[in-house]
Amino acid sequence: MALVNGESIKSELEMFDVPCQDDSVLDKMVEQCICNRIQADEMVLEWVAYSTTKNGLKLTLDTLEQFEHEVLNKRNKSKQILRKEETHNRTRDIHTLQDLIKAEEEEENLLDAYSTPAKGSQKRALTTPENPHSKRSAALLASPGLLLSPASFSPSATPSQKYSQRGGKGEVVVTFGAVQGTRWAGRKAPGAGVQLELLEGPEDSLRCSYKYMFQRLRDVRNVLTEKIEELGDGLRSHFTIEEFSPVSLPAQDSITVLGQVCCDSNGKLNAHSVLLEAGPEQGGQQVPVDLSELKEYSLFPGQVVVMEGMNTTGRKLMASKLYEVILCPFLYTLHTHWSCHAIAEPMNILVACGPYTPSDSLTFDPLLDLINVIVRDRPDVCLLLGPFVDSKHEQIEKAQVTETFEAIFSRCIESIVDGTKSVGCRLVFVPSQRDIHHHFIYPQPPFTLVFLPTLQRVTLVPDPCTLLIDGVTFGLTSTDILFHMGAEEISCGTGSDRFSRILKHMLTQRSYYPLYPPVEEVNMDYEKFQSFGQMPLTPDVLIIPSELRYFVKDVVGCVCVNPGRLTKGQVGGTYGRLLIQRSAASDDGRRGCPCLAAQVVKI
C-alpha cells in the first residue's frame, strides 16, 4: 500500500475542486485511510460520492465522522462477510471437512444445552443405534473401507427411504409389438453363440482415449462443410436436381439452394430467426429465410436442408418447398447374406441406463434390483449405459465421498460382472458424459477396466457406436440428444409428435448428434465426431435414453427405444427389454422388422 499523507489527500481534493485549508481535517482523512486500508484517491472518490448524495456537504471534522460511520464502517463489514464466504466456499480436503463438521456439532451441542426445543419438534436429531449420524456426517466421517461394501455393494450411507417404498415394481408401462404370451427369457444358454461386435470393426472404431482441448475453427468449418456437401450430393441425385444456386445471389426465377440451418443470434431458434448458411461451393454466405409460404416444416440448428424459393433481392429467401434428406439404407440391403438366413430362436436383450443410485443416497439398491432381474430373466445380452458414477449426484457434487471415483466405478462393474456370472449373458458397457471418472468429451472413448481380467462376455464400446448383434444393427448413445434437440427444434403443421420428428431428423441427417452448435455441456471434438459420430447406415434398433418420458416407437422402419433411467431422483425408474429375431427377407424383397416385441418396465 502506497504512503498516504496530507499532501496527497489535498492534491486529490483539488482535482474535484473541494476546498480544504484545515490541517486537522486532512490529518483526520489520513487517519481514516490508514485505518480502513484505502488509498488517497479512493478515499476522495468515496467522499465526493457521499457529499453529492447529501446535497454538497462541506468538508469538516463533524461531517467526516458522519461519513466514517455511514460509509467506511459499512464498507468494512461487507468486506468481512465476503472474506467469510470465500473461506467457506473454498475447496477443502476430507480432514478439514471433518474438523468443520466436528466444530459445528460441538457448537450445536452447546446451544442445545441452553435452549428448550419447541413442542413437537426437535432441532437436533438424537444419536441412537437406529439413527447414528446425520447423512452429511455419516458420509464424510465413514471409513473409506466401509463406504462401499464389496458383498452387497451398498455404502454406509443411509438407504433411500423413497426408493425402498416405491410402488408399481415390475409394472409394464410401454409395450410394442406382439407382447401377449411373450416369454421374456433368454435362450437355454444365454450369451452362448451370440455374435456381438462393433459394426465398423475394431480397427475403424474409437478404441482408446485421445488428445483433445485443442481444436481450430478452420477444422470445425471443414467438418461442417463436408457434411453439407455429402448430404447435398445424396439429395441432388435422389431428387434429380441439376445444380444448387448461391443463396445470396439475386434471381427473378425460383432457385434451389443447399445449406445448413442456423439462428441469427445466440438465442433460441424461431420462425423469424432462421438463416440458411451455404457451403463454400455455393458462396458460403448466410441469408434470412421467410417460412410463411411453407405449409409444414420442422427445423433445428445444424440441419442440412435443400430449399426451393425466390430471392429477388439477394437479402431474403422466400421458401416455397423443403426437401427432406433421404435415409441411409439398412444393413440387409447392403449385405444380402444377412437377409438370406433367419435366426431360429429369438434373442432377449435388456437395456438399462444410469444413474444407478437414488439422488439422496449413494446406495446402489437400484443396481442390485437390476442384477436380480437379470438373474431371473436370463437375457442373452445386457446393454448398460452410463452414468455409473453420476457427476450430478448430490453427494458427489458436495464432495461427500471418501473413496476415489475410480474405486466406486470399479466396484460397480465388478458387482455387475460377478452378479451375472451364473447367467453367462453378454455385457455391453457404454460410457456417459455424466460419468465423473471418465473423459468429458464427445465422441467418448470406451471405459478401460484395468482392474478386471479380459472376459469374452464383457464388451466396452464408445459413445456413440453402432453394434452388430447376430446380424441386427443397434445404434447406441447415452448423450441426451432428445432433450437437447427438443429445446431447439421448431415445427409447423407436421402432424407428428416431437419425439418422432427428432428421431427422424437423426436418421435422415445420419448423425448421432446433428445439433450445431451443441449445448454447453457437450464438449464436441469435430474431427473425431466426423469419424466416429456418424451413422454408417440406418440401424434396426436405436437406443436413445433421455430424461424425457420413456417410449418405444417405429420411426421410418427403425425401432427407437428410450428405456428411461433406472432412477428418477429419489424414486425408481425404468428399464427396457426387447425380443429380437432376424427374419429372412420376404419374397418381394421387403425387410422384416427384427424387433418382435419390446417393453419398458418399472424397476
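Residues numbered from 1 in each chain as written. Predicted model: local features only at pLDDT ≥ 70, side-chain atom pairs only at ≥ 80, totals over all residues. Heavy atoms only, no water.

### Description of the overall build of the chain
Short version of the rule: Numbered from the N terminus, helices here are DSSP runs of H or I no shorter than four residues, and strands are runs of E no shorter than two. In what follows, residue pairs with any heavy atoms lying within 4.5 Å of each other are defined as contacts. Only the protein chains shown count as cover for residues, and the accessible areas themselves come from Shrake-Rupley with a 1.4 Å probe.
The helix and strand inventory of the chain stands at 17 helices and 22 strands. Long-range contacts, defined as pairs at least 24 residues apart, comprise 73% of the intrachain contacts of the chain with a sequence gap of at least 6. In the form shown here, the chain has an accessible surface area of approximately 30,100 Å², with 52% of it arising from carbon and sulfur atoms.

### Some points on the sheet that holds strand β10 (residues 381–385)
Put simply, the rule is: Any two strands with at least two DSSP-identified bridges between them are counted as paired. Interaxial angle, 0 to 180 degrees, is taken between N-to-C directions of lines fitted to C-alpha atoms, where a helix line uses only the stretch in contact.
Ordered in space as β1-β22-β21-β9-β10-β11-β12, the seven strands form an open sheet in which the pairing is mixed. Only two strands of the sheet have a single partner each, and these edge strands are β1 (172–177) and β12 (458–460). In this sheet, adjacent strand axes meet at a mean angle of 15 degrees when their direction is disregarded. Where strand β11 (residues 426–430) and β12 come together, three bridges link them in parallel fashion. The residue bridging V428 from the neighbouring strand is T459, located in β12. Across the sheet, helix α14 (residues 405–419) lies against β10, β11 and β12, angled at about 160 degrees from β11, the strand it touches most.

### A few points about the pairing of strand β7 (residues 304–311)
Heads up, the rule is: Throughout this description, buried means an accessible area under 20% of the type-specific maximum (1.4 Å probe, protein chains only), exposed means over 50%, and partly exposed covers the range between.
For β7, the tally of buried residues reaches six of eight residues, placing the bulk of the element in the interior. One ladder, built from seven bridges, connects strand β3 (residues 251–263) with β7; its direction is antiparallel. Across the sheet, the residue bridging to I255 is G309, located in β7. In terms of strand pairing, β7 meets strand β8 (residues 317–323) through five bridges, oriented antiparallel. In the sheet register, G309 faces β8, and the bridge partner there is A319. A loop of five residues connects β7 with β8, the two strands running antiparallel in sequence, and G314 in this loop sits at a positive phi of about 85 degrees.

### Some remarks on a nonpolar patch on the surface
Put simply, the rule reads: Only residues whose relative accessible area exceeds 30% and that form no salt bridge are eligible for patches; like-charged ones are grouped when within 9 Å, while nonpolar side chains (Val, Leu, Ile, Met, Phe, Trp, Tyr) are grouped when within 5 Å. Any Lys or Arg side-chain nitrogen located within 4 Å of an Asp or Glu carboxyl oxygen qualifies as a salt bridge.
Side chains of M15, F16 and L45 sit close together on the surface and give an oily, nonpolar patch of about 320 Å² of accessible area. Note that M15 resides in helix α1 (residues 6–15). A relative accessible area of 64% means that M15 is categorised as exposed.

### Examining the pattern of salt bridges
By the definition in use, this model includes 19 salt bridges. Measuring nitrogen to oxygen at the nearest pair gives 3.5 Å for the salt bridge that ties K553 to D497. Within this pair, whereas K553 is found in strand β17 (residues 551–555), its partner D497 is found in the loop between β15 (490–492) and α16 (498–509), the two being separated by 56 residues in sequence. Several salt bridges converge on common partners, so that one network encompasses D390, R434, E547, R565 and K568.

### Quick notes on the environment of L452
Relative to the helices and strands, L452 is located in the loop between β11 and β12. In the structure, L452 is positioned 38 residues away from E414 in sequence and 7.5 Å away in space, judged by C-alpha atoms. If we ignore the near neighbours within four places in the chain, the residues touching L452 are I413, E414 and V417.

### What about the sheet that holds strand β2 (residues 196–198)?
Overall, mixed pairing links the six strands, which are arranged β2-β13-β14-β16-β18-β17 in an open sheet. Each edge of the open sheet is held by one strand with a lone partner, namely β2 and β17. When strand polarity is set aside, the average angle formed by the axes of neighbouring strands in this sheet is 25 degrees. Of the pairings in the sheet, the one linking strand β14 (residues 472–476) to strand β16 (residues 541–543) comprises three bridges and is parallel in character. Within the sheet, the bridge partner assigned to L476 lies in β16 and is I543. The sheet strands contacting α16 are β16, β17 and β18 (558–562), and the helix crosses β17 at an angle near 55 degrees.

### With respect to the pairing of β17
Of the pairings in the sheet, the one linking β17 to β18 comprises five bridges and is antiparallel in character. Bridge pairing in β18 places V552 opposite V561. Hairpin connection, β17 to β18: the antiparallel pair is bridged by two residues, and V556 has positive phi, about 45 degrees.

### Brief notes about the confidence of the model for the chain
The line we're drawing: Here pLDDT means the predictor's own confidence in every residue, given as a number from 0 to 100.
For the chain, mean pLDDT is 84; residues scoring 70 or higher make up 83% of the total. Here residues 117–156 scores under 50 on pLDDT; set against residues more than four positions off or in separate chains, the count is 66 contacts.

### Some thoughts on the packing of helix α12 (residues 365–377) against α14
Rules: Each angle receives one of four descriptions, namely roughly parallel if under 35 degrees, roughly antiparallel if over 145, roughly perpendicular if within 65 to 115, and oblique otherwise. If you view the pair so one helix is near and one far, a crossing is left-handed when the near helix is turned anticlockwise from the far one by less than a right angle, and right-handed when it is turned clockwise. Each residue gets one of three labels, nonpolar for Ala, Val, Leu, Ile, Met, Phe, Trp, Tyr, Cys and Pro, charged for Asp, Glu, Lys and Arg, and polar for the others, Gly among them.
In contact at an axis separation of 10 Å, α12 and α14 are set at 20 degrees when each is read in the N-to-C sense. The angle between α12 and α14 falls in the class roughly parallel. The chirality of how α12 crosses α14 is right-handed. Mapping the contact onto sequence places L367, I371 and V375 in α12 and C412, S415, I416 and G419 in α14. Residues of the contact of α12 with α14, tallied by class, amount to five nonpolar, two polar and no charged.

### Observations regarding α12
Stated formally: By this rule, a helix spans an expected 1.5 Å times one less than how many residues it contains.
The end-to-end C-alpha distance of α12, which contains 13 residues, comes to 18 Å, matching closely the 18 Å that a straight helix rising 1.5 Å per residue would cover. Within the sequence span of α12, burial applies to D365, P366, L367, L370, I371, V373, I374 and D377. Just downstream of α12 lies R378, where phi reads positive at about 50 degrees.

### What about helix α3 (residues 40–53)?
To be explicit about the condition: The arc in question is the one spanned by the directions pointing from the helix axis to the C-beta atoms.
Given a rise of 1.5 Å per residue, 14 residues ought to cover 20 Å, and the 20 Å separating the end C-alpha atoms of α3 matches this to within 8%. Inspection of α3 places A40, M43, V44, W47, V48, Y50 and S51 among the buried residues, and these make up the whole buried set. For α3, the angular spread of buried residues about the axis comes to 165 degrees, placing them on one side. In α3, the exposed positions that point more than 90 degrees away from the buried face belong to T52 and T53. Once α3 finishes, N55 follows within two positions and takes phi at roughly 60 degrees, a positive value.

### Brief notes about the state of the cysteines
The following threshold applies: Cysteine sulfur pairs qualify as disulfides if the two atoms are within 2.5 Å.
Counted under the stated rule, the structure contains zero disulfides. In this structure C263 is a free cysteine whose sulfur lies 7.8 Å from that of C262, the closest cysteine sulfur available.

### As for the side chain of H505
Mapped onto the secondary structure, H505 falls in helix α16. Its relative accessible area of 9% is what places H505 among the buried residues. Setting aside residues no more than four positions away along its own chain, H505 makes contact with S298, F300, Q303, M485, E489 and R510.

### Things to note about a negative patch on the surface
Spelled out, the test is: Asp and Glu count as negative and Lys and Arg as positive, but His and the ends of the chain are not part of the count. Here the site of a charge means atom NZ of a Lys, CZ of an Arg, CG of an Asp or CD of a Glu.
A cluster of acidic side chains, namely D22, D23, D27 and E31, defines a negative patch on the protein surface. You can see D22 is positioned in the loop between α1 and α2 (23–36). A relative accessible area of 39% places D22 in the partly exposed class.

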